[in-house]
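Inside the fold
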Amino acid sequence: MKASLQLKMGQQLTMTPQLQQAIRLLQLSTLDLQQEIQSALDSNPLLDVDEEFENDTTKADGSDNDPQEIKEPENLGDNTEENAAADSDWNDDIPEHLSTDSDWDDTWQASAAPGPSTSSSGGSGDDDFDFDSRNGSTDDLQDHLLWQLNLTPMSDNDHLIAVNIIEGVDDDGYLKVSLEDIFNSLDPELGLEMDEIQAVLTRVQQFEPAGVCARDLQECLSLQLRQLPQDTEWLPLAQKLVDEYIELLGAKDYAALMRKLKVKEDELKVVIRGIQELTPRPGSQIAPQPSEYVVPDVMVRKVRDGWRVELNPDIAPKLRINEQYASMVKRADSSADNNFIKDHLQEARWFLKSLQSRNETLLKVASKIVEYQQEFLEQGDEAMKPLVLHDIAEAVGMHESTISRVTTQKYMHTPRGIYELKYFFSSHVSTTSGGECSSTAIRAMIKKLIAVENAKKPLSDSKIAGMLEEEGIKVARRTVAKYREAMHIPPSNERKRLI
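Now for a description of the structure that goes with this document. (Residues numbered from 1 in each chain as written. Predicted model: local features only at pLDDT ≥ 70, side-chain atom pairs only at ≥ 80, totals over all residues. Heavy atoms only, no water.)

1. What to know about the overall build of the protein
Put simply, the rule is: What counts as a helix is a DSSP run of H or I of at least four residues, what counts as a strand is a run of E of at least two, and both are numbered from the N terminus. Only protein chains enter the accessibility calculation, which uses a 1.4 Å probe. A residue is then buried if its area is under 20% of the maximum for its type, exposed if over 50%, and partly exposed in between. Only the protein chains shown count as cover for residues, with accessible areas throughout obtained via the Shrake-Rupley method and a probe of 1.4 Å.
Secondary structure assignment for the protein yields 23 helices and 8 strands. Classification of the 499 residues of the protein by burial places 35% in the buried group. Summing over all exposed atoms, the protein offers an accessible surface of approximately 32000 Å²; the carbon and sulfur share of this is 47%.

2. Things to note about the packing of helix α18 (residues 389-396) against helix α19 (residues 400-407)
Heads up, the rule is: To obtain each axis, a line is fitted to C-alpha atoms, and for helices this fit is confined to the stretch in contact; angles are then taken between N-to-C directions over 0 to 180 degrees. An angle below 35 degrees is read as roughly parallel, one above 145 as roughly antiparallel, one from 65 to 115 as roughly perpendicular, and any other as oblique. Only heavy atoms matter for contacts: two residues are in contact if any of them lie within 4.5 Å across the pair. The classification used treats Ala, Val, Leu, Ile, Met, Phe, Trp, Tyr, Cys and Pro as nonpolar, Asp, Glu, Lys and Arg as charged, and all other residues, Gly among them, as polar.
Axis separation between α18 and α19 bottoms out at 9 Å; the angle between their running directions is 105°. Our classification of the angle between α18 and α19 gives roughly perpendicular. Facing Leu-389, His-390, Ile-392, Ala-393 and Val-396 of α18, the residues of α19 in contact are Glu-400, Ile-403, Ser-404 and Thr-407. Its residues assigned to classes, the contact of α18 with α19 shows 5 nonpolar, 3 polar and 1 charged.

3. Examining a negative patch on the surface
Defined as follows: Patches draw on residues past 30% relative accessible area with no salt bridge. Two like charges within 9 Å are joined, as are two nonpolar side chains (Val, Leu, Ile, Met, Phe, Trp, Tyr) within 5 Å. Every case where a carboxyl oxygen of Asp or Glu lies within 4 Å of a side-chain nitrogen of Lys or Arg is listed as a salt bridge. Under the counting rule used here, the positive set is Lys and Arg, the negative set is Asp and Glu, and His together with the chain ends is not counted. One atom stands in for each charge, and that atom is NZ of Lys, CZ of Arg, CG of Asp or CD of Glu.
Taken together, Asp-140, Asp-143, Asp-171 and Asp-172 make up a surface patch of like negative charges. Residue position: Asp-172 is located in the loop between α7 (156-167) and α8 (179-185). Its relative accessible area of 31% is what places Asp-172 among the partly exposed residues.

4. Brief notes about the nonpolar core
For the record, the criterion: Nonpolar cores were defined as sets of buried Ala, Val, Leu, Ile, Met, Phe, Trp, Tyr and Cys residues, with membership established by side-chain atoms within 4.5 Å.
In terms of nonpolar packing, the biggest core is built from 26 residues, with Val-298, Val-300, Ile-392 and Met-412 touching the most fellow members. A per-element tally of this core places helix α16 (residues 336-372) first, with 6 residues. With residues up to four places along the chain from it excluded, the contact list for Val-300 reads Trp-307, Arg-308, Val-309, Val-370, Leu-377, Met-412, His-413, Thr-414 and Pro-415.

5. Topic: α18
To keep things clear, this is the line we draw: It is the directions from the helix axis to the C-beta atoms that the arc portrays.
Of all the residues in α18, the buried ones are Ile-392, Ala-393 and Val-396. With its buried residues spanning 105° around the axis, α18 presents them on a single face. For α18, the secondary structure elements touched by its buried residues are α16 and α19. Downstream of α18 by a residue or two, Gly-397 has a phi angle that is positive, lying close to 70°.

6. A look at the packing of aromatic side chains
Our working rule: Side-chain rings of Phe, Tyr and Trp, where Trp is taken by its six-membered ring, are said to pair if the distance between their centres is within 6.5 Å; with planes under 30 degrees apart they count as stacked, over 60 as edge-to-face, and otherwise as tilted.
Inspection of the entire model under this criterion finds 6 aromatic pairs. Here Phe-376 and Tyr-419 contribute two aromatic rings whose centre-to-centre distance is 5.4 Å and whose plane-to-plane angle is 75°, an arrangement assigned as edge-to-face. Here the residue Phe-376 occupies a position in helix α17 (residues 374-379), and Tyr-419 occupies one in strand β6 (residues 417-420), the gap between them amounting to 43 residues. Given a relative accessible area of 16%, Tyr-419 falls into the buried group. Aromatic pair Phe-376 and Phe-424: ring centres 5.5 Å apart, planes at 85°, arrangement edge-to-face. Of this pair, Phe-376 sits in helix α17 while Phe-424 sits in the loop between β6 and β7 (428-430), and the two are 48 residues apart along the sequence. Since its relative accessible area comes to 0%, Phe-376 is described here as buried. Through pairs of rings, three or more aromatic residues link up here, namely Phe-376, Tyr-419, Tyr-423 and Phe-424.

The following block contains the structure:
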């Protein structure tokens, strides 16, 4: 084949670095955006945090929220004599000679010191005081068990066995390692036997929390029942039920339980109520999962007869161009320092413009969502309208992919709670009248029907489908099952209750 040169003309869409940056910022969550901003502040000296944005009428990030008015104290500089006198009085109370290892709190109480209030532990102030981090316990379940083990008199061999048992306990408090594996992991020269390991396990199972180091749910509940007062009236029946008929309890075969235990319904109710007060995961009492908080990106509130949509001003710091560095740029200078400042100045402007574009797009999309779903905000889930990304994309004149990026991992604070923007989008189901009903509204109806059902005779999926059809909504039984499973609601045979 002969080599040749050809000239072709064509059009091609190319994404500029600015556009790529804008798209990347658009799809970031609040936490990721804060990290991105912090990274930009660390790498670009031309970017700076606008610490006085409260007094500005126009923000550097382009958000449309009206800034809060924060009035400065008047005549701040006219009281220098009074301030000096106050400082003098305060200094007079401090001893002239202090030991080198003395603490501030030994001499002066933080609550009595002039100026901004500080915490007694030397914190910066009430706004920065993190109660959870300073008062929360960091010990896990194994540390708690080892602490109890150190207070329990044991021989060296028993102590070694107990340590191996505790190391095999998971966060829920269950022993996930078999006694045979523990026996095989120990040194054969110790001359230990399985009976000794079982004896140590029985002793460790008496530690707090009750039910810890159990090998299954049955043993966990049995251990907790043994630690109850022996004069508990329903205790013998509960122990027999857990030890022998726990499978029937799991299957909720109450008729068989009454026949096996030879009790009446009222007596069985008391026993089941007592068992329900036990803890199936005792380890969760010692090391609870930390609470996770969602910071909303958009705030929605009712104003007279309408709804106002605003961006949350606290999701990210307000940025500005460092004017001191920007003023050093010289147009005719091509030195390395000048080029460095020029490049970073341009990057800072692009970054601020991308932030402004992100905020404007987010506010525009959120406002249009609120406009579509006003009935949901006023009436609840059952009034949710069918909505897809294409509807919002046409309304705001953007592509569906852009709407998908905006609504992913973005949250809206409403009077009804905090919702992800994706929550407002749902498919539709046809009604007998020719209209449409959103899947979110159908889920709310299913949840409402199940909430008021007879606990002794729960509604089946087919029955729920028939009740919805009476309301004019055509759904199949498998659709009801799919929605029910999505809401983590068990089937009718598992929802059956005696009490």
